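Examining the three-dimensional arrangement
Chain by chain, the residues:
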Amino acid sequence: MKLSLSLALVALAAVGSAQGPQRCSGMRVRRNAASLSPQEWQSIANVLRQMNDDGAISRFGASHDRLFSRVHGNTCFFPFHRRYVLEFENIARTYDPNFTVPYWDATESFRNPAADPVLSNNGLGANGGNNDHCLGSGIQSNMQVTYPNNHCLRRSFNQGDSIGAWYAPEIISSYIQSDTSLSTFRENIEYSIHGAVHLGLGGEMDTGYAAQDFSFMVHHANLDRLWWDWQNSHNSFLMYDGTGSNGPASLSDLIPEDSSVPFNGATVESVMVLGYGNVCYTYDSSSGPPQSYPSGGSNNSGANNNNGGNNNGANNANNANSNTGNDNGNNNSNGNNNSNGNNNGNNNGNGNNNSRSVTSSSSNLANRVLENQGIQNSLGSDIINRFFPGLGRRSGALKRREYQTQPANCGDPIPFPPRLTPEWIHMHGYDPERVECAHKNACEIVEALNNSTYTSPY
């Protein structure tokens, strides 16, 4: 009888393991950095000062630098940085149990990034000063770090006293809707807003040890939010295709780690689904975790999980009009797609694909409505089906912008996005042709919007 009971318990344990990580009993919510009060920024500053005094800030900079070539330019980019920011957050919470890394939705200020209130003295700080570009404002003002040598934390805007315009939210919205494989979405994000913010801020952020600047954490928290929105939109919580850090991507791959910031052998699958295992957080503008752990895990490669998306890593915007979105075309016009910003960590976690669909990268729910309605009312069916398939199949012609007769009604054109510098491309080991292809696609999205009557709410 005892033996039978033991065998039964072992069998139940095996079943539980096969079902994947357990759902978190509690959930913390990462908030938009723009919503933080001066007092909340000061609380973050207090933690960062303590972490720096203990050497933790420089350890994160060193670990990122040493792992650099393994966690960029391949699909491991997303799971590594999800685990990395989470580890930073967990360590910070040992100093302040209420600490949570906010996210910086940098595209909201894409036209004039340097004027973003997040880059103020109350927040991340502005440009560095003098010839050494030492950061003299914000939550890390006058901070000294020790990696790779003793130096002041630096900030050096890429256009002197200003930052050139970076990627508009509509471009990122197009990636969320049209990219049907994680490998393609990763490329488009890594070659666009990821690099644009790093290069725009410059200084520490333009190095392999960028993690010493807290801007790194809030920036990558935002990229993680975008990945989570993409996962929800395509019901692709366990898709992990393309090339990982050591060859073909597999959910059982170990996330690269450095001894200075160990992950204790964490696998890629362990961080794929927010709200499960040790990944106990969500975002204030995104859907909460699904009610049950998605099927398809437990040592599957992830290349065909959930939606069987296109895994060729090619630029999907060229053929995005073939079964890309998971939307029925009837639930998107209001733009909020049930991402109502509830902060209880359980909002909309019903696992229903249509109700979890995301069609905009913006964290501003009112702007999502304006963006989605504007695109639907301005662009022709061929452009919507190619770049914004999540808004549903449509028929109709492009409504062209008449600059000379209706300038006041059409708003300012969206600026074209910046290119990555040759030095940045070389530093990351990117394929220059793929980077150029991604940039060309982004410019085509902007051109399509500017040639229509669409008015960006951003």
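Here the structure is shown first, and the text comes after it.
Residues numbered from 1 in each chain as written. Predicted model: local features only at pLDDT ≥ 70, side-chain atom pairs only at ≥ 80, totals over all residues. Heavy atoms only, no water.

Of regular secondary structure, the protein chain possesses 12 helices and six strands. Here the protein chain holds 458 residues, and the buried ones make up 57% of them. Carbon and sulfur atoms provide 47% of the accessible area of the protein chain, an area that totals close to 17600 Å². (Helix = DSSP H or I, 4+ residues; strand = E, 2+ residues; numbered from the N terminus. Buried < 20%, exposed > 50% of the residue type's maximum accessible area, 1.4 Å probe, protein only. Areas by Shrake-Rupley, 256 points an atom, 1.4 Å probe, with all protein chains shown as cover.)

Here we take up the pattern of salt bridges. Under the definition given, this model contains 14 salt bridges. Ionic pairing is found between arginine 82 and aspartate 224, a salt bridge with its closest N-O pair at 2.5 Å. Taken as a pair, arginine 82 in helix H4 (residues 77-92) and aspartate 224 in helix H7 (residues 214-233) lie far apart in primary sequence, 142 residues in all. By relative accessible area, arginine 82 is classed as buried at 1%. For arginine 186, the salt bridge goes to glutamate 190, with nearest N and O atoms at 2.8 Å. Remark: glutamate 190 and arginine 186 occur in helix H6 (residues 182-201); sequence separation between them is four residues, near one turn of the helix. For glutamate 190, a relative accessible area of 0% translates into the label buried. Within the structure, one salt-bridge network assembled from shared partners comprises Arg28, Arg30, Arg82, Glu89 and Asp224. (Salt bridge = Lys/Arg side-chain N within 4 Å of Asp/Glu carboxyl O.)

Moving on, we get to the state of the cysteines. Within the structure shown, the criterion is met by two disulfides. With a sulfur-sulfur separation of 2.1 Å, cysteine 24 is cross-linked through a disulfide to cysteine 280. Every disulfide takes its handedness from the sign of the S-S torsion; for cysteine 24 and cysteine 280 that torsion is -80°, giving left-handed. One end of the pair, cysteine 24, is in the loop between helix H1 (2-18) and strand S1 (28-30); the other, cysteine 280, is in the loop between strand S5 (247-248) and strand S6 (281-283), with 256 residues separating them in the sequence. For cysteine 24, a relative accessible area of 9% gives the class buried. If the cysteines joined by disulfides in the protein chain are listed in sequence order, their pairing comes out as 1-4, 2-3. (Disulfide = S-S within 2.5 Å.)

Membership of the largest hydrophobic core comes to 100 residues, with the highest contact counts inside it found for Phe88, Trp104, Phe185, Phe214 and Met217. With 10 residues, the top contributor of residues to this core is H7. Contacts of phenylalanine 214, omitting those with residues within four sequence positions, involve Ile44, Leu48, Phe88, Phe99, Pro102, Leu124, Ile139 and Gln140. In terms of nonpolar packing, the next biggest core, distinct from the first, is built from eight residues, Tyr191, Leu199, Leu420 and Ile425 among them. (Core = buried A, V, L, I, M, F, W, Y, C linked by side-chain atoms within 4.5 Å. Contact = heavy atoms within 4.5 Å.)

Right, let's get into the layout of surface pockets. As a volume, the largest pocket reaches approximately 240 Å³. In terms of lining, the largest pocket is formed by 13 residues, of which the most central are Arg31, Leu36, Glu40, Asn98 and Thr100. Counting residues per element, the ones that place at least two in the lining of the largest pocket are S1 and helix H2 (38-53). Residues belonging to the lining of the largest pocket are distributed by class as follows: six nonpolar, three polar and four charged. (1 Å grid on protein atoms, 1.4 Å probe; cavity = no way out; pocket = protein on both sides within 12 Å on 5 of 7 lines; lining within 4 Å. Points joined across faces, edges and corners; volume = space filled by probe spheres on them. Nonpolar A, V, L, I, M, F, W, Y, C, P; charged D, E, K, R; others polar.)

Our next topic: unusual backbone geometry. The omega torsion of the bond from tyrosine 147 to proline 148 falls at -5°, within 30 degrees of zero and hence cis. Here proline 148 shows up in the loop between strand S2 (144-145) and strand S3 (151-152). Although it is not a glycine, asparagine 235 sits at a positive phi angle of roughly 50°. Residue placement: asparagine 235 occurs in the loop between H7 and strand S4 (243-244). Of note, asparagine 264 is a non-glycine position whose phi angle comes to about 60°, a positive value. When you line up the elements, asparagine 264 lands in the loop between S5 and S6. With a relative accessible area of 71%, asparagine 264 lands in the exposed category.

Across its 20 residues, H6 extends 27 Å between first and last C-alpha, which sits within 8% of the 28 Å expected from 1.5 Å per residue. Remark: the principal bend of H6, roughly 40°, maps to glutamate 190. With 20 of 20 residues buried, H6 lies mostly within the body of the structure. At the C-terminal side of H6, glycine 202 shows a positive phi close to 60°. (Expected span 1.5 Å × (residues − 1). Bend = angle between axes of the 7 residues up to and from the residue.)

On to the side chain of aspartate 258. Among the secondary structure elements, aspartate 258 is positioned in the loop between S5 and S6. A residue is classified by how much of its surface remains accessible, and aspartate 258, at 12% relative accessible area, is buried. There is a polar contact of 2.5 Å between the side chain of aspartate 258 and the side chain of serine 260. Among residues more than four places away in sequence, those in contact with aspartate 258 are Ser63, Arg66 and Leu67. (Polar contact = N/O pair within 3.5 Å; in protein donor to acceptor, adjacent residues only side chain to side chain.)

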